[in-house]
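Overview (structure and organization)
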Amino acid sequence: MQFVGRQTELEKLEKQFKQHKFEFSVIYGRRRVGKTWLIRKFTENKPSIYFMGIEAGAATNLESMSKAVHQFSGHDSLAPFSGFEELFSYLAELASKRQIILVIDEFPYLASAVPEISSILQRFCDHKWADTQLHLILCGSSMSFMERQVLGVKSPLYGRRTAQYLLKPFNFFETREYLEPMPLEEIAILHAVTGGVAEYLSFIDQKLGLEDNIVSLFLDNTGRLYEEPANLLKQELREPRTYNDILDAIAGGASRSNEIATKSKLASGALNRYLDALNDLGIVKKERPLQNKQSKKTLYSISDGCFRFWYRFVMPNLNAIMSGLGPQVYQKIISPGLSEFMGLGFEQIFFDYFDHWNASGLLPDLVTSRGRWWGSNPVERCEEEIDLLGIGTEMVFYGEAKWRREKIDLAVIKDLERKSQLIPADKRFYLLLSKTGFSTGAIEYCQGRKDIRLWSFLSDKSV
């Protein structure tokens, strides 16, 4: 798989390694996001021991880690260590003379098998490893576990780490770099469909077009992503059937807790813990409007693009797909529904553009927070939405993204200006991202104005 999008993390890990002292890095993020790939790239041509936690008992994990350590030291035939403390003491001796990287991947599995492992590691970090050249890397896919049981205040390991890396799915620009020279429109759709997850992107055949890729990945019972979301739920959560019902409800348009509870046939009180678990896994996003975090108008959406696509198009059509009708499902159901599906996907791409402009100093002000906004219009007595709201040090930014064949016309721009009046600001700046560009009237209206930016996505330039 091509190494894309992790250069910052790789450079920081290399900087740690060059210190020639004890280092403790925590690397975590959802499954398939590229954690192990980053670790392999970093440890390439370096003295390293790699161990993956096993869903098994303490003895099996100890035997497996012992084997990895003995292979590293050239003593394959030695018996397993008598315990983890003996193993870690042996590593302390080795690392007192040379640099060694110890990778414990899927640390939550090891911690489940050996509940005292965090306390043991804490003692070694504080004492026997402190003056060595050991670089300990703990890696895990359970974000809630890593944040609470490794990085959290109540963890024995709290305060010991020297660096932490939360790996997120690729943003649009990283996906674009990975998939070029495919057509820009196809890259955008595939980014939305895979959620920018590194391993899913690696399954894409760049010699094929959009339809063939989606059919082969999702709409064939041998496809790499045919059962992926369902399998992930089974791996990560109990009661997958209940989570299926909740995700199906959200994919079907339910966004408020009472709507989700009704559609999934769950009591409102019982729903929250399920939503919290999905939020911890990065599958569902809980949002309140920016500038009004106390609002009770909480909305839920499926933030993981692969899950959103699967529950929107694949799960409802599993019988047809299993009957070999994947191509027909694409033609009759997915193709006509892609434009609507891309509504939210394009908004997320818009945020990537906005973040890129902000980080590159290409906006007229530094934005310190951004998000979506929705709320009541007291004059017209209706609900209003703004795709992107950015709060700068001197001005407020208002954004609109449209994924449609028609060019954005003047009415869309004026409507954004109208909605912006619902949020007080001394200075306002408007940004519009259009898939296909802007009408002549819209362009003429914006000529000479320094408070507005029009960006044509397929042309990949400002208008």
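You'll find the structure just up there.
As the structure is a prediction and not an experimental result, all values here were calculated from the model.

Parameters and conventions
- Think of each chain on its own: its residues are numbered from 1, step by step along the sequence as written.
- Since the coordinates come from a predicted model, pLDDT governs what is reported: local features require at least 70, and pairs of side-chain atoms require 80 or more to be given and counted, while whole-chain, interface and lining totals use all residues.
- Only hydrogens and water are set aside when side-chain values are computed; all heavy atoms of the structure are taken into account.
- Put simply, DSSP marks the helices as runs of H or I at least four residues long and the strands as runs of E at least two long, and each gets a number from the N terminus on.
- The globule rule used here is 2.2 Å times the number of residues to the 0.38 power, and the radius of gyration it is set against is calculated over C-alpha atoms.
- Note on classification: 1.4 Å probe, protein chains only; a residue is buried when its accessible area is under 20% of the maximum for its type, exposed when over 50%, partly exposed between these limits.
- Here, residues are in contact when the closest pair of their heavy atoms is within 4.5 Å.
- All accessible areas in this document rest on Shrake-Rupley with a 1.4 Å probe, and a residue is counted as covered only by the protein chains that are shown.
- Counted as positive: Lys and Arg. Counted as negative: Asp and Glu. His and the chain ends are not counted at all.
- The atoms used to mark charge sites are NZ of Lys, CZ of Arg, CG of Asp and CD of Glu.
- Strands are treated as partners if at least two bridges between them are detected by DSSP.
- An axis is simply a line fitted to the C-alpha atoms; with a helix, the fit covers only the stretch in contact. Between two such axes, the angle follows the N-to-C directions and lies from 0 to 180 degrees.
- Space inside and on the surface of the protein is sampled on a 1 Å grid over the protein atoms alone, with a cavity defined as a set of points where a 1.4 Å probe fits but cannot get out and a pocket as an open set with protein on both sides within 12 Å along at least 5 of 7 lines; lining residues have an atom within 4 Å of a point.
- Grid points are joined across faces, edges and corners, and a volume is the space filled by probe spheres set on the points.
- Residues are grouped as follows: Ala, Val, Leu, Ile, Met, Phe, Trp, Tyr, Cys and Pro are nonpolar; Asp, Glu, Lys and Arg are charged; every other residue, Gly included, is polar.

Another point: the overall build of the chain. Along the backbone of the chain there are 20 helices and 13 strands. Computed over C-alpha atoms, the radius of gyration of the chain comes to 25 Å, within 12% of the 23 Å expected from 2.2 N^0.38 for 463 residues, which places it in the range of a compact globule. Expressed along its principal axes, the backbone C-alpha trace of the chain runs to roughly 75 × 55 × 50 Å. Counting every position in the chain, which comprises 463 residues, the buried fraction comes to 51%. For the chain, contacts bridging at least 24 residues in sequence account for 66% of all contacts bridging at least 6. About 21900 Å² of surface is accessible on the chain, with carbon and sulfur atoms providing 46% of the total. Averaged over its 58 positive side-chain charges, the chain has a centre that lies 3 Å from the centre of its 58 negative ones.

Here the focus is the sheet that holds strand β1 (residues 23–28). Reading across from one edge, β2-β3-β4-β1-β5 is the order of the five strands in this open sheet, with parallel pairing throughout. What marks the edges here is a single partner per strand, and that holds for β2 (48–52) and β5 (163–166). The sheet shows a mean angle of 15 degrees between the axes of neighbouring strands, taken without regard to direction. The pairing of strand β3 (residues 100–105) with strand β4 (residues 134–140) spans five bridges and is classified as parallel.

Attention now moves to the environment of Val-284. Mapped onto the elements, Val-284 comes out in strand β6 (residues 284–287). With 133 residues separating them in the primary sequence, Val-284 and Glu-417 have C-alpha atoms 31 Å apart. Setting aside anything within four residues of it in sequence, one finds Val-284 in contact with Leu-247, Ile-250, Leu-278, Asn-279, Tyr-300, Ser-301, Ile-302 and Ser-303.

What follows deals with the sheet that holds strand β11 (residues 428–434). Hydrogen bonds along the backbone pair up the strands of a sheet, which may run parallel or antiparallel. The strand order β8-β9-β10-β11-β12-β13 describes an open sheet built from six strands, whose pairing is mixed. On the outer flanks of this sheet lie β8 (367–377) and β13 (461–462), each paired with one strand and no other. In terms of strand pairing, β8 meets strand β9 (residues 382–392) through nine bridges, oriented antiparallel. Residue pairing in the sheet places Gly-375 in a bridge with Glu-384 of β9. Most of the contacts of helix α18 (residues 326–359) go to β8, to which it runs at about 140 degrees, and overall it touches β8, β9, β10 (396–402), β11 and β12 (452–456).

Of the voids in this model, the second largest pocket is the one considered here, and its volume is about 670 Å³. For the lining of the second largest pocket, the secondary-structure elements that each account for two or more residues are α13 (240–251), β7 (299–302), α16 (305–314), α18, β9 and β10. Ranked by residue count, the leading element in the lining of the second largest pocket is α18, at six residues. When the residues that make up the lining of the second largest pocket are grouped by side-chain class, the tally is 11 nonpolar, five polar and nine charged.

Applying the stated criterion across every chain, the model contains two cavities of 30 Å³ or more. Roughly 110 Å³ of volume is contained in the largest cavity. Taken together, Arg-30, Arg-31, Ser-141, Met-143, Leu-232, Glu-236, Asp-280, Leu-281, Ile-283, Asp-304 and Phe-307 make up the full set of residues lining the largest cavity. In the lining of the largest cavity, the residues fall into five nonpolar, one polar and five charged.

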